[in-house]
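For reference, the chains in residue letters:
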Amino acid sequence: MIEIITSLAPIFLLILSGWLVRKRRWVVDAFWQPAETLTFYILFPALLIHKIALADMSAINLPPIMGATAGGMLIVGGVLVALRRRIERAGLDGPSFTSVFQGSVRPNSYVGIAAAVALFGNTGVTVVSAAIIVAAPLANFLGVLVLVRYANGTNGSGKNFRPRWRDTVLPIIKNPLILATLIGVALNWTGAGLPPVVGPFLDVLGQAALPIGLMAVGAGLDFAALTAAGGWVAATVAVKQIALPLVTFLLFYAFGGSGPAAAMTVMFAAL
C-alpha cells in the first residue's frame, strides 16, 4: 500500500500544482489551452510511440485487456440508459444525464498513462495503450449516441442542438493518442524499433508530457461547480470508481486474463 501511495502521490501533487498555479494567476489563463494542445498532439504521442515501440509485447495478453475495457463500458453504459426514466424522475434532465453518462464511462488518458508509468513502468504504458485503443473510440461513439438521444438543449440560437456525426467520428480517426499507439505497436511487432536519433528525441520530448499534461488537468478543476452539482457528481464518481472497475475486473478474468495486467486494466477503468 505504501508503494502505491508513494507512486501516485507525485501525480496528484502535479494536478494540485496546476490548480494552484491557475488560482494564484502565476501564469496567464491563456497559457493552459495551448499547453493542453501541445500535450495532446505532440508530447503524449511522443511518449506513447517511444514506450510502446520498446515494450515487451510478448508478455501481454491483449484480448482480456481490450475485451474487459470495452465490455465494462458497454454494460455500465447500458444499465445507465436502462435506468434513465428513474433517473429523470429523481430530477435529472436529459442534457445533465449525458454528463452523468460520460462521467461514468469516459477515462482520462493523461492520468492513466502517468499512473501506469509510476506504478508499472513500460509494461503499464503498453497495457494502458491497449485499453486506450478500445476506450477512446468507444467512449466517443457512446457519447454521441447519448447526446443525440437525450441532449435536447439549444445551441444559443434557439434551435435544438443535435451533434453531427462527422464532428465526432473524424476526431476519433485522427485521435493522436490512437495513432501514436498504432505506430508504436507497428514498430514493436515488426521489430523495426526506433532509429538512434529518433528514439532519444522522442524520449526527451515525451518526458515533458506528464508534468505539463497533469498540471493542465489541475488547472481545469472547478470546485465551485463540483459543489453546485452536489449528489449527482458523487453518484457519477461512485459508478466510475466502484461499479465500472468491478465489472471490468470480472470481465478480465472471464476473458481468460491473469497476472499484473488485471491491476492495470482495473486502474484504467477507475480513471
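Look up a bit, the structure's there.
Residues numbered from 1 in each chain as written. Predicted model: local features only at pLDDT ≥ 70, side-chain atom pairs only at ≥ 80, totals over all residues. Heavy atoms only, no water.

(A) Seen up close, unusual backbone geometry. Of note, the phi angle at Arg25 is positive, near 60°, even though the residue is not glycine. If you trace the backbone, Arg25 turns up in the loop between α1 (2-23) and α2 (32-53). On the accessibility criterion, Arg25 (53% relative accessible area) is exposed. (Helix = DSSP H or I, 4+ residues; strand = E, 2+ residues; numbered from the N terminus. Buried < 20%, exposed > 50% of the residue type's maximum accessible area, 1.4 Å probe, protein only.)

(B) Seen up close, the side chain of Lys51. Position of Lys51 among the secondary structure elements: in helix α2. No salt bridge is formed by the buried Lys51, whose closest oppositely charged neighbour, Asp203, lies at an N-O distance of 5.4 Å. Contacts of Lys51, omitting those with residues within four sequence positions, involve Asn122 and Val125. (Lys, Arg positive; Asp, Glu negative; His and termini not counted. Salt bridge = Lys/Arg side-chain N within 4 Å of Asp/Glu carboxyl O. Contact = heavy atoms within 4.5 Å.)

(C) Layout of the packing of aromatic side chains. What the rule picks out here adds up to seven aromatic pairs. Pairing Phe40 with Tyr41 gives two aromatic rings, centres 5.1 Å apart and planes at 90°, and the pair type is edge-to-face. According to the relative accessible area criterion, Tyr41 is exposed, its value standing at 52%. Ring plane angle 85° and centroid distance 5.3 Å describe the contact between Phe252 and Tyr253, whose orientation is recorded as edge-to-face. Given the relative accessible area of 2%, Phe252 is considered buried. For Tyr253, a relative accessible area of 41% corresponds to the partly exposed category. (Phe/Tyr/Trp six-rings, centres within 6.5 Å; stacked < 30°, edge-to-face > 60°.)

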